[in-house]
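Fold and contact review
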Amino acid sequence: MSSFFQKIVKLFSYDIGIDLGTANTLVNVKDQGIVLREPSVVAVKGDKVLAVGDEAKRMLGRTPGSVTAIRPLKDGVIADFYITEEMLRYFIKKATARYYLIKPRVLIAIPSGITEVERRAVKESAEAAGARRVHLIEEPMAAAIGVGLPVQEAAGNMIVDIGGGSTEIAVISLGGIVSNKSIRTAGNDLTADIQAHMANQHNVKVGSTMAEQIKINVGSAIPNLDNPPEPFVICGPNKINALPMEVAVTHDEIAHCIDKTIQKMENAIRDALEQTPPELYADVVRNGIYLAGGGALLRGLAKRFSDKFEIEFKVPDDPLHAVAKGTGVALKNINRFSFLIR
């Protein structure tokens, strides 16, 4: 490629980072920051894509039989190659709008525990969606960079990234992941717990969208909060007679219904700590453990983990966007972080 053409490519193309999540997809355009955050949902009718993102999510639970609103990613990995490709094409086009003439270079954050086949599926989907070149970075590393951890220093730093489909745990030192654990238990499981609880304890049917609202409004990892939220009133059909009923949901009952899922996260954190070399373990105890992802916003979660492991768990500013921010930092400092990008 001639130097003149390289300059033209640089002038008119964009580098973008993508946090391709089970629940939401975030796009970070180099030098612009996060420009898009929409649900990872696609509405289809047969083979035709009708809507993507926010518009498609509004259709969840409200579509006629001929229209299906689906999430093409499951547990952080691609479950439907074609639909993921269409979704990525929409997000890339929307994020870069009319400002690029040449296909963008894309950096995608992926779960650390996925297989080589799954990694290849992510790359191929992005390439088919219009990317000029596709690079991958592991989610816990991107999250650590996004919250500002000194990942290149000779010291142990630990991150727990709780997304929609997977929980990524890693101890990082000298720019590499020393010990890690990736489990396909995360925010969506908490939502499913709430749905089951409402059906079993209150005989009321709630969809995933309403269960998510319950989690946001009164979700808690512990029953005893210093400043508990007011009960959240929901309306739904009685599952026995289909008559409308209202239920006031409290934070302490949600804490009990999601307890087993949080225990699975605790077990994964313990596994990662057990794999950590003693010298780095001491660093982790001294520096604390950082929470990222949407799960970090669950009331009382940091306190529960801190009490459980006797290590301080910290919630940084804006944990929800940590991974997307990390892809942006990596793109802006591509030479500095090139060894982390595959």
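Sequence positions are assigned chain by chain, starting from 1 and proceeding in written order. Only residues with pLDDT of 70 or above have their local features reported here, since the model is predicted, and side-chain atom pairs are shown and tallied only from 80 upward, although totals for entire chains, interfaces and linings are computed over all residues. Computation of side-chain values covers all heavy atoms of the structure but excludes hydrogens and water.

Once that is clear, we can look at the nonpolar core. In this description, a nonpolar core means a group of buried Ala, Val, Leu, Ile, Met, Phe, Trp, Tyr and Cys residues linked to one another through side-chain atoms lying within 4.5 Å. Relative accessible area decides the class of each residue, using a 1.4 Å probe on protein chains only: under 20% of the type maximum gives buried, over 50% gives exposed, and in between gives partly exposed. Among the nonpolar cores identified, the biggest contains 39 residues, and M158, M198, I269, F305 and F313 are the most heavily contacted of them. Secondary structure elements are defined from DSSP: runs of H or I of at least 4 residues count as helices, runs of E of at least 2 residues count as strands, and each element is numbered from the N terminus. The element that contributes the greatest number of residues to this core is helix α9 (residues 259-274), accounting for 6 residues. Two residues qualify as a contact provided that any one of their heavy atoms is within 4.5 Å of a heavy atom in the partner residue. Sequence-distant contacts of I269, defined by excluding residues within four places in its chain, comprise M158, V160, I169, F305, F309 and F313. Judged by nonpolar contacts, the second largest core, of 30 residues, contains I16, M87, A95 and A126.

What follows is about the pairing of strand β11 (residues 157-162). Taken across its 6 residues, β11 has 6 buried, putting it largely inside the fold. Burial of the side chains of β11 extends over both faces: N157, I159 and D161 are buried on one face and M158, V160 and I162 on the other. Paired strands, as defined in this entry, are two strands with at least two bridges between them according to DSSP. Pairing between β11 and strand β12 (residues 167-173): 6 bridges, direction antiparallel. Each residue of the ladder has a partner; that of D161, found in β12, is E168. Taking the residues that link successive antiparallel strands as the turn, the β11-β12 hairpin has 4 residues.

Working definition: the strands of a sheet are paired by backbone hydrogen bonds and lie parallel or antiparallel to each other. Overall, antiparallel pairing links the 3 strands, which are arranged β5-β4-β6 in an open sheet. If you trace the sheet from one side to the other, it starts and ends with β5 (48-52) and β6 (68-70), each paired once. Looking at each pair of strands side by side, their axes are set apart by 30° on average, direction ignored. By the bridge criterion, 3 bridges tie strand β4 (residues 42-45) to β6 in an arrangement that is antiparallel. Orientation is described by lines fitted to C-alpha atoms, with helices fitted over the stretch in contact, and by angles between N-to-C directions that extend from 0 to 180 degrees.

Here the focus is the pattern of salt bridges. Salt-bridge detection follows one rule: a side-chain nitrogen of Lys or Arg within 4 Å of a carboxyl oxygen of Asp or Glu. A full pass over the atoms with the stated rule returns 15 salt bridges. R105 serves as the salt-bridge partner of D15, at 2.6 Å between the closest nitrogen and oxygen. Here the residue D15 occupies a position in strand β1 (residues 15-20), and R105 occupies one in strand β9 (residues 105-110), the gap between them amounting to 90 residues. The two residues D15 and R105 agree in class, both being buried. For R304, the salt bridge is made with E266, and the minimal N-O distance between the two is 2.8 Å. Taken together, the residues R304 in helix α11 (residues 301-309) and E266 in helix α9 connect sequence positions 38 residues apart. Looking at R304, the relative accessible area reads 13%, which means it is buried. Note on E266: relative accessible area 4%, which makes it buried.

Glancing now at the packing of aromatic side chains. Classification of ring pairs rests on two measures: the distance between centres of Phe, Tyr or Trp rings, Trp counted by its six-membered ring, which must be within 6.5 Å, and the angle between planes, read as stacked under 30 degrees, edge-to-face over 60 and tilted in between. All told, the structure shown has 3 aromatic pairs when counted by the stated rule. Taking the centre distance of 6.0 Å and the plane angle of 40° together, the rings of F309 and F313 count as tilted. Note on F309: relative accessible area 14%, which makes it buried. Clustering of aromatic rings is evident, with ring pairs tying together F305, F309 and F313.

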